[in-house]
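# Fold and geometry: a report
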Amino acid sequence: MNLSPVLIILSILAVITNGLSHKLVVEEGQDVMLPCSPSTKENLEEKLFDWKKDENKDRKEVFFYMEGKYYGNGKSGQDKQFEGRVSHFNDELRNGNASIKIRKTKVSDSGVYTCIFPKLEPPQKFHIELVVEPVFKDRSGENPAASPEPYTRTLHQTQDRALLQCEVRGASPEPKLEWQDSSGKLLHAEETQRPFTEGKYDLTIQINVTKSGEYHCVLKQEGIHHNISAKTFVFISEKVCEDSSVKVLNGWIGWMAFALAVGAVFMAAVLTLCIPALRYRVIDFLSRLKPQRDQIQMNGVKENIAMIARGDGDP
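Computed from a predicted model, the values in this text were never measured in an experiment.

## Focus: the packing of aromatic side chains
For the coordinates displayed, the defined rule picks out 9 aromatic pairs. Look at Phe64 and Tyr71: their rings are 6.1 Å apart centre to centre, the planes differ by 35 degrees, and that puts the pair in the tilted class. Like Phe64, the residue Tyr71 is buried in the burial classification. Each residue in the set Phe49, Phe63, Tyr65, Tyr70, Phe117 and Phe126 is aromatic and connected to the rest through ring pairs, giving one cluster. We note Lys220 situated over the ring of Phe136; from NZ or CZ to the ring centre the distance is 5.6 Å.

Put into C-alpha cells, the structure is as follows:
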C-alpha cells in the first residue's frame, strides 16, 4: 500500500516531536547528565531550548536557555528543587549539544524529563526518564519521620566484660537496631524490648563485649531509607591480660624448676653409683705404684753404697 506524501511528512514529524525515550538509573547523591541534541546538530548558541520535568502532570522548570541567557544568568523562573544544581555545557552549544547536568541527585528528582526545541523547523522534543535509587543515609533534616540518634549506655561492667544497651523511643516507621564494632562488623545482640503503641515503636537491644574499643549502635528505617548511629567507647581492664601472662609465666617457671629437680636427682644417682667405682680404681692404681716406688728407692740406696766403696762419693 502506497502512503501519500502528507502521511509520510506527518509520520516524520511525529517521530521528531516525540523523540526517543531513554532511561537513566543512578544512586542518590550522584551527579547525572541528561543528554539532548537536535537531529540537525546545528549551533545552539543563538537558539532556544527548554528542559522540563513531568511535563504532563506536575510540571517543573528545570533549565531554560535562550541566546546566551539561562536560569541563574539573566533568566528567572527555575523551580526551587533545581536551583544551584543544574548546569549546561556552554562550550558544546556550537556542536548542537543541549545536554544538562544535575548535581547531587535526590530521590525527588526521579521522573520524566523533556528537552524541547520549540523554534527549530520543525520543533523537536525528546524524553528521558530518570530513576534515582535511594541509599541509606541520615535524613534527620529532610524527613520529619526520621528517628533521632539512638541512646546508648553501659549497664554493667566487670574486669573482663561490659554489658552495653542501645534504645530508641517513639520511632515510626518501624526501626531496626544493631551493634557494630569500629570496623563495621555486625555483632550478635539480644533484643530485649519491642513495644508498639499508637503506631510508634520502642526498641531496646543489649550486647556483651570483652574487648576495649569503639562500638556503634546503628538505627535503620527501611521505609524511608534513614540511617543514623551513636557510638560509645569501652575500656576493658588490662589486669585480666596481665593475670593471664603471669599465670603462663608461672607455669613455665614451675616446669623449669621441676625439670631441674629431676635433673639434680638423676645426677646425684649417677654420682652415687659411679664415685665408689672410681674410688676403688684410684686405690688399685696407687697400690700398683707402691712396689715400683719401693724398688726405685732400693736401687737408689744400692747405687749410693757402691759409689762409697769406689771412693766416688763424699767422705
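Don't stop here, the text continues.
## Here we look at the state of the cysteines
What makes a disulfide is a covalent bond joining the sulfur atoms belonging to two cysteines. Here the structure, examined in full by the defined rule, presents 2 disulfides. The residue that forms a disulfide with Cys36 is Cys115, at a sulfur-sulfur distance of 2.0 Å. On the S-S bond that ties Cys36 to Cys115, the torsion sits near -80 degrees, and the link is left-handed. Note that Cys36 is positioned in the loop between β2 (32–34) and β3 (48–53) and Cys115 in strand β9 (residues 111–117), a separation of 79 residues in sequence. A relative accessible area of 6% means that Cys36 is categorised as buried. A sulfur-sulfur distance of 1.8 Å marks the disulfide that ties Cys166 to Cys217. One quick way to see it: the torsion about the S-S bond of Cys166 and Cys217 is about -75 degrees, and its sign makes the bridge left-handed.

## A word on the pattern of salt bridges
Summed over the entire model, instances satisfying the criterion amount to 18 salt bridges. Between Asp109 and Arg85 there is a salt bridge, and its shortest N-O distance comes to 2.9 Å. Taken together, the positions of Asp109 in the loop between β8 (100–102) and β9 and Arg85 in the loop between β6 (74–75) and β7 (86–88) put the pair 24 residues apart, joining distant regions of the chain. For the pair Asp109 and Arg85, a shared accessibility class is recorded, and that class is buried. Across the pair Glu142 and Lys137 runs a salt bridge, and its minimum N-O distance is 3.6 Å.

## Concerning the sheet that holds strand β18 (residues 213–221)
Ordered in space as β14-β13-β18-β19, the 4 strands form an open sheet in which the pairing is antiparallel. Edge strands, defined here as strands with exactly one partner in the open sheet, are β14 (186–187) and β19 (226–234). Where strand β13 (residues 176–181) lies against β14, 2 bridges are found, and the strand directions are antiparallel. Residue pairing in the sheet places Gln180 in a bridge with Leu186 of β14.

## Thoughts on the sheet that holds strand β4 (residues 60–66)
Across the sheet, 7 strands lie side by side as β1-β10-β9-β3-β4-β5-β6; this open sheet has mixed pairing. On the outer flanks of this sheet lie β1 (22–27) and β6, each paired with one strand and no other. Bridge count between β3 and β4: 6 bridges; the pairing is antiparallel. Its bridge partner being in β4, Asp50 is matched across the sheet by Phe64.

## Looking at the side chain of Gln180
Relative to the elements of secondary structure, Gln180 occurs in strand β13. Looking at Gln180, its side chain comes within polar contact range of the side chain of Glu178, at 2.8 Å. If we skip the residues at most four places from it in the chain, Gln180 touches Lys185, Leu186, Leu187, Tyr215, His216 and Val218.

## As for the environment of Pro173
The topology assignment puts Pro173 in the loop between β12 (162–171) and β13. With 26 residues separating them along the chain, Pro173 and Gly199 place their C-alpha atoms 8.3 Å apart.

## What to know about the confidence of the model for the chain
Any segment with low pLDDT has predicted coordinates that should not be analysed in fine detail. Here the chain averages 81 in pLDDT, while 69% of its residues score no lower than 70. When the elements of the chain are averaged for pLDDT, helix α1 (residues 5–18) gives the smallest value, 38, and β8 the largest, 98. Taken together, the stretch residues 1–17 has pLDDT below 50 and engages in 8 contacts with residues farther than four places along the chain or on a different chain.

## Things to note about the nonpolar core
Trp51 and Phe117 are the most contacted members of the largest nonpolar core, which totals 24 residues. Contributions of two or more residues to this core are made by β2, β3, β4, β8, β9 and β10 (124–133). Broken down by element, the residue count for this core peaks at 4 residues, all from β10. Those residues in contact with Phe117, other than ones at most four positions away along the chain, are Cys36, Ser37, Pro38, Leu44, Leu48, Phe49, Ala98, Pro123, Gln124 and Phe126. Membership of the second largest hydrophobic core comes to 17 residues, among which are Val168, Ile228, Val234 and Ile236.

About the thresholds
- Residues numbered from 1 in each chain as written.
- Predicted model: local features only at pLDDT ≥ 70, side-chain atom pairs only at ≥ 80, totals over all residues.
- Heavy atoms only, no water.
- Phe/Tyr/Trp six-rings, centres within 6.5 Å; stacked < 30°, edge-to-face > 60°.
- Buried < 20%, exposed > 50% of the residue type's maximum accessible area, 1.4 Å probe, protein only.
- Lys NZ or Arg CZ within 6 Å of the ring centre and 35° of its normal.
- Disulfide = S-S within 2.5 Å.
- Helix = DSSP H or I, 4+ residues; strand = E, 2+ residues; numbered from the N terminus.
- Salt bridge = Lys/Arg side-chain N within 4 Å of Asp/Glu carboxyl O.
- Pairing = 2+ DSSP bridges.
- Polar contact = N/O pair within 3.5 Å; in protein donor to acceptor, adjacent residues only side chain to side chain.
- Contact = heavy atoms within 4.5 Å.
- pLDDT = per-residue confidence, 0-100.
- Core = buried A, V, L, I, M, F, W, Y, C linked by side-chain atoms within 4.5 Å.

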